[in-house]
2 protein chains.
Amino acid sequence: MKAVIPFKKENAKSRLSPILSSSERETFALYMLKDVIGQINNELIDSIDILTTSIQSASLCEKINSTLNIILSEDSLNDALNEYLSKVKEPVLIVMADLPLINKKHIKEIINLNLINNADIVIAPGKGGGTNILFIKDPSKFQVDYYGASFLDHLKIANKYGHKVEIYDSFLVSNDIDEPSDLIELLIHGKGESAHWIKKIGLTLIVNKNKEVKLVRIE
Amino acid sequence: MKAVIPFKKENAKSRLSPILSSSERETFALYMLKDVIGQINNELIDSIDILTTSIQSASLCEKINSTLNIILSEDSLNDALNEYLSKVKEPVLIVMADLPLINKKHIKEIINLNLINNADIVIAPGKGGGTNILFIKDPSKFQVDYYGASFLDHLKIANKYGHKVEIYDSFLVSNDIDEPSDLIELLIHGKGESAHWIKKIGLTLIVNKNKEVKLVRIE
């Protein structure tokens, strides 16, 4: 089984710009990628491929981990992934790069939904209709359609092929980091390098007088 | 084992006022409560108590399900729950009333973390630092502290007593419904009466040209 992580350094995580500078967002995106790779490493995964758009991103990925396979593509996310799937002859796990709360147990349980429960497709939903981890048993019989309500779109595509689908229900996997408020979850539940780094640069939580949890940056 | 659900009809779900009228919010809160009660009903739960602040709310709860025990208290949520816990002599499951995505499997798995894994306390986190479901084996050795980052506060209280804690990791349980954007999750993942009702009154999803999922109301 292969795992593939799409990754883009350029203008990474632009919706975090109210709280992180451009270079900080790039650093943070790399820490998240590092956390994700660390948790995917598993005896059931034969190789980890990074699908990336530029040579600069590729060389950064190689610095993180020299055993990664870097695949360069200038196509859009969906086109690049569908091109990738069309060439692969074994099961594939597609993992987004901005999931710093995932752990080894999640990956094992998702794979077990195939090994034990015979799922052809496993979808771990992201908040807001997204798809955060996607297991595909036979890549020749599936196409991805990320963005928008991709969770519903992936269900439809799976049904079109008559695939057996399992939904993997995890709060920690559902938290892709896009907006400043998502960092609240990382500060509360995070244990990896990206959580450590955002604390180090001064991001912290306060509880305001309405007893709401807010994110602040202490310089 | 007892289950207890705090419920307030008056000015229920005020943060949904941009999209639902006051009477709609009350109706919606009751549908959510009904969904929650339907999923808690379980051979391991001996009784379901509804902790509520007014006779009007109490009579509505009785209409939903005549086998519920209604407990009236004018105290704040924390004071009312801690008073309740001080009198109970058996394990307690505290379930918030605004969790329309929970199902019977969640309740069973949370209880099994006690029965099989010997947890004294099980916390199912809500988004933003909240606590959505809380299992307490020995109510004489715990106090609740809801609002703010209650997930962290409950961890601290459990540690103070030396309790064994398990975290129950579920995306569906983490989605308490407070704000309009939370209804996106209910429209995508909901299967109960509250999901049916919000569709019936015209709430639906659109994917805008930036490929973001948005909630709209069609009159």
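Figured I'd write up the structure that's included with this text. The numbers attached to residues start from 1 for each chain and follow its sequence in the written order. Following the order in which they are written, the chains are lettered starting with A and the ligands numbered starting with 1. Where local features are concerned, this predicted model is filtered to residues with pLDDT of at least 70; where side-chain atom pairs are given and counted, the filter is 80 or more; whole-chain, interface and lining totals use all residues. As a rule here, side-chain values come from all non-hydrogen atoms in the structure, and water together with hydrogens is ignored.

A closer look at the interface of chain A and chain B
(1) Moving on: Note on contacts: a residue pair qualifies if any of its non-hydrogen atoms lie within 4.5 Å across the two residues. Listed per partner, the contact involves 23 residues of chain A and 23 residues of chain B.
(2) Moving on: Taken over both partners, the interface formed by chain A and chain B buries close to 1900 Å², and the fraction arising from carbon and sulfur atoms is 64%.
(3) Moving on: Within this document, salt bridges are pairs made up of a side-chain nitrogen of Lys or Arg and a carboxyl oxygen of Asp or Glu, the two lying within 4 Å of each other. At the junction of chain A with chain B, the criterion picks out zero salt bridges.
(4) Moving on: Identification of polar contacts relies on pairs of N or O atoms within 3.5 Å, with a donor-acceptor requirement for protein atoms, meaning one able to donate a hydrogen and the other able to accept it, and with residues adjacent in sequence counted only if both atoms are side-chain atoms. Scanning the region where chain A abuts chain B turns up 12 residue pairs in polar contact (both at pLDDT 80 or more).
(5) Moving on: For helices the rule is a DSSP run of H or I covering at least 4 residues; for strands it is a run of E covering at least 2, with both sets numbered from the N terminus onward. Among the secondary structure elements, those contributing two or more residues to the side of chain A that touches chain B are strand 5 (121–126), helix 5 (150–160), helix 6 (171–174) and helix 7 (182–189) of chain A.
(6) Moving on: Among the elements that line the side of chain A that touches chain B, the one with the most residues is helix 7 of chain A, at four residues.
(7) Moving on: Here the residues of the side of chain A that touches chain B are counted per class, giving 11 nonpolar, eight polar and four charged. A quick way to say it: buried area is the sum, across both parts, of accessible area lost when two parts are put together, with a 1.4 Å probe. Side-chain classes follow a simple rule in which Ala, Val, Leu, Ile, Met, Phe, Trp, Tyr, Cys and Pro form the nonpolar group, Asp, Glu, Lys and Arg form the charged group, and the remainder, Gly included, forms the polar group.

Brief notes about the relation of the copies chain A and chain B
(1) Moving on: Once chain A is rotated about the relating axis by 180° and shifted along it by 0.0 Å, it coincides with chain B to within an RMSD of 0.0 Å. Considering both components of the superposition, the chain copies are consistent with a two-fold axis.
(2) Moving on: Of the residues that chain A buries at the interface, 100% are likewise interface residues in chain B, meaning the two copies contact each other through the same surface. Residues reaching a pLDDT of at least 70 in both copies supply the C-alpha atoms on which the copies are superposed by least squares.

Structural notes on a nonpolar patch on the surface
All names here are of chain A.
(1) Moving on: In this scheme, patches are assembled from residues that exceed 30% relative accessible area and form no salt bridge. Like charges are connected within 9 Å, while nonpolar side chains (Val, Leu, Ile, Met, Phe, Trp, Tyr) are connected within 5 Å. Throughout, the Shrake-Rupley method with a 1.4 Å probe supplies accessible areas, and for residues the shown protein chains are the sole cover considered. A grouping of Leu44, Leu115 and Ile116 is seen on the molecular surface, where their side chains present a nonpolar patch of about 280 Å² in accessible area.
(2) Moving on: Along the chain, Ile116 turns up in the loop between helix 4 (104–115) and strand 5.
(3) Moving on: Relative accessible area decides the class of each residue, using a 1.4 Å probe on protein chains only: under 20% of the type maximum gives buried, over 50% gives exposed, and in between gives partly exposed. Judged by its relative accessible area of 61%, Ile116 falls in the exposed class.

Details of the sheet that holds strand 6 (residues 130–136) of chain A
Residue and element names in this part refer to chain A.
(1) Moving on: The criterion for strand pairing is that DSSP finds at least two bridges linking the strands in question. One open sheet holds the seven strands; their spatial order is 3-2-1-4-6-5-7, and the pairing between them is mixed. Two strands close off the open sheet at either side, each with one partner strand: strand 3 (69–72) and strand 7 (165–167). Strand-to-strand, the axes of this sheet are offset by a mean angle of 25°, without reference to chain direction.
(2) Moving on: Strand direction decides the pairing type here: strand 5 and strand 7, joined by three bridges, are parallel. If you follow Ile123 over to strand 7, its bridge partner there is Ile167.
(3) Moving on: Lines fitted to C-alpha atoms define the axes here, with helix axes fitted over just the stretch in contact, and angles between the N-to-C directions of these axes take values from 0 to 180 degrees. Strands strand 1 (2–7), strand 2 (47–52), strand 3, strand 4 (92–95) and strand 6 of the sheet are contacted by helix 3 (residues 77–87), whose axis makes an angle of about 160° with strand 1.

Regarding helix 8 (residues 193–200) of chain A
Residues and elements named next belong to chain A.
(1) Moving on: Buried within helix 8 are the following residues: Ser194, Ala195, Trp197 and Ile198. Considered in projection along helix 8, the buried side chains sweep an arc of 165° and stay on one side of the axis. Exposed and facing more than 90 degrees away from the buried side of helix 8 are His196 and Lys200.
(2) Moving on: Looking one or two places after helix 8, you find Gly202, whose phi comes out positive at around 105°. The arc refers to the directions leading from the helix axis to the C-beta atoms.

Looking at the pattern of salt bridges
Oppositely charged side chains may form a pair once their charged atoms are brought near each other.
(1) Moving on: On inspection of all chains with the given rule, the structure shows 28 salt bridges over all chains.
(2) Moving on: The shortest N-O distance in the salt bridge between Lys13(A) and Asp178(A) comes to 2.9 Å. Separated by 165 residues along the polypeptide, Lys13(A) in the loop between strand 1 and helix 1 (22–40) and Asp178(A) in the loop between helix 6 and helix 7 bring together distant segments of the chain. Judged on exposure class, the residue Lys13(A) and its partner Asp178(A) are both buried.
(3) Moving on: Across the salt bridge formed by Asp176(B) and Lys127(B), the nearest N and O atoms sit 3.4 Å from each other.

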